[in-house]
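Structural description and commentary
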Amino acid sequence: MSGFARETTKLEYVDVLIVGAGLSGIGLAYYLAANQPSRTFAIIDSRDAIGGTWDLFRYPGIRSDSDLHTFGFEFKPWTNENAIADGHEILDYLHEAITENDLARHIHLGHTVLRADFSSDDGQWTVTLQRMSDGERFDVTCNVLFSAAGYYDYSGGYTPHFEGRDDFRGQVVHPQSWPEDLDYAGKKVVVVGSGATAVTLIPAMVDLADHVTMLQRSPSYVLPVPRKDLIANTLRRLLPDHVAYGITRRMNIARSRLIFGGSQRYPRQVRRLIRALNARFLPEGYEVDVHFNPQYDPWDQRLCMVPDADLFKALSSGAASVVTDRVARFIERGILLESGAELEADIIVTATGLQMQSFGGVELHVDGQLVDVHDRLVYKSMMLSGVPNFAFAIGYTNASWTLKVGPVADHLCRLLAHMDRHGHAVVTPIVGDPTMARRPLFDFDAGYMNRGAHLFPQQGESGPWTVVQDYAVDNARLRKGPVEDPALRFAAGVVGSDIRVIAKEATA
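Here we summarise the structure given alongside this text. (Residues numbered from 1 in each chain as written. Predicted model: local features only at pLDDT ≥ 70, side-chain atom pairs only at ≥ 80, totals over all residues. Heavy atoms only, no water.)

Regarding the environment of arginine 131
Here is the rule: Helix and strand assignments follow DSSP, with helices taken as H or I runs no shorter than four residues and strands as E runs no shorter than two, numbered in order from the N terminus. Partly exposed describes any residue whose relative accessible area lies between the buried limit of under 20% and the exposed limit of over 50%, with all areas from a 1.4 Å probe on protein chains only and scaled to the type maximum. Polar contacts, as used here, are pairs of N or O atoms within 3.5 Å; protein pairs need one atom able to donate a hydrogen and one able to accept it. Residues neighboring in sequence count only if both atoms are side-chain atoms.
Among the secondary structure elements, arginine 131 is positioned in strand β5 (residues 124–131). Since its relative accessible area comes to 9%, arginine 131 is described here as buried. Distance from arginine 131 to asparagine 450, taken between C-alpha atoms, is 34 Å for residues 319 residues apart in sequence. Engagement of the side chain of arginine 131 in a polar contact is seen with the side chain of aspartate 134, the distance being 2.9 Å. There is a polar contact of 2.5 Å between the side chain of arginine 131 and the side chain of glutamate 136.

Right, dumping it as structure tokens:
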């Protein structure tokens, strides 16, 4: 934890407390330091390292599934030649962002949040922390609480029940808990799953493993993309880094919007295009329609990006294969399939998805009452109805996750500046129409999101209560649109009665 706030430094009060030292938390910290320099803030994280996902996941080949010119921060150019970056490259980038912006002194690692309580009498949050090194618990007060904890559970991934699992004589591994000493050299590996993790693991393991098989219940869309962005690297040789980065970022955002929009409008044509790309990189006669022809339309679920077609190269070499079938049960030698076939395995990797978790699992209380998160509506994709002085960042499902951080951080800074100008200390979004129709927060048909939908707030049908999966729309709403809104209720400092009136209105 060298360079970060000393473990013996005990927080007492900060204006803004950020939970999560990953991309979102570090991004918000930058915007606060740049746009609200008089405000104090701190980042806390239960882990002993920054980076969130990129430090947690240690499986072979861990990499981004978006280009870093859009996945990276808008304030820090991505100068690496690889547009699709490995996990260690992303971690290096994050450490550089922390160093360049003097953020290390604000980061407190090894602290987990046990509880968060907002008091109307005090007009602030009391957050109970536990220091992981010695178990000591203590309270930190803050005016604004910000969750940058993402949307999944860091304690473990999702593995469905497999009949006969105890019969299997080999090793079963989930990618989220990858053992550092796992030896797969010369062994037969079966990867159960067909999402981004599976298509990353297979080409990374073939050099050492005897054979790697991807076992999928049904196909996913797999799109080959260049690992290096030729246009970005050319621009960087001709122009200053920040200019080249800005141009590339705008171009790549526009391209991703075009691909998503085209997929939604012309699904059959996009399906044919992806199939043609797959067939181009696979051996002649390969059963493309069996293994790479999903039942759903493009972008009904997230596309799996494979840099330089590495998955298809692994399949073409014979070092890897795809089997489309269902698991009947685990057996001593591997997996028995519903078709009656058997897959021999020494190691089975269950790349079967994530466990969802809202706001890092932190329970929110307002005046002693537990907030039912699922019962609340999301305001402008960043706040919760009826919860004062609380904000969060949850990224896009159809584009780079971190594109959302800039607009959300900018809007929060503008909101705080507005409150300063008008003498407000508390802001609460209030739903004016309690009969408003509701929809899931994630309007996306992915298994792990469907499983965890009940853990998250919902969105409404109109106004600031909608969650828009469009960076351009969010930029207009959060960066250029007005801060004041009929749905917001403001209160001054320690005026508990006024805040309780607002709280009562929120639950009416």
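Still more to cover.
Details of the sheet that holds strand β14 (residues 334–337)
Short version of the rule: Here, strands pair whenever DSSP counts at least two bridges between them. Axis definition: a line fitted to C-alpha atoms, over the contacting stretch in the case of helices. Angles run 0 to 180 degrees between N-to-C directions.
Reading across the sheet, the 3 strands line up as β13-β14-β15 and stay open at both edges, with antiparallel pairing between neighbours. The open sheet has two edge strands with one neighbour each: β13 (327–331) and β15 (342–344). Between one strand and the next, the sheet's axes are offset by a mean angle of 20°, whatever the strand orientation. Bridge count between β13 and β14: 4 bridges; the pairing is antiparallel. Each residue of the ladder has a partner; that of isoleucine 331, found in β14, is glycine 334.

Quick notes on the pairing of strand β16 (residues 347–350)
Where burial is concerned, the two faces of β16 agree: the one with Ile347 and Val349 and the one with Ile348 and Thr350 are both buried. In terms of strand pairing, strand β7 (residues 171–173) meets β16 through 3 bridges, oriented parallel. Pairing of valine 172 across the sheet is with isoleucine 348, part of β16. Strand direction decides the pairing type here: strand β8 (residues 188–192) and β16, joined by 4 bridges, are parallel. What sits directly across from valine 192, in β16, is threonine 350.

Keep in mind these values describe shape, not function.
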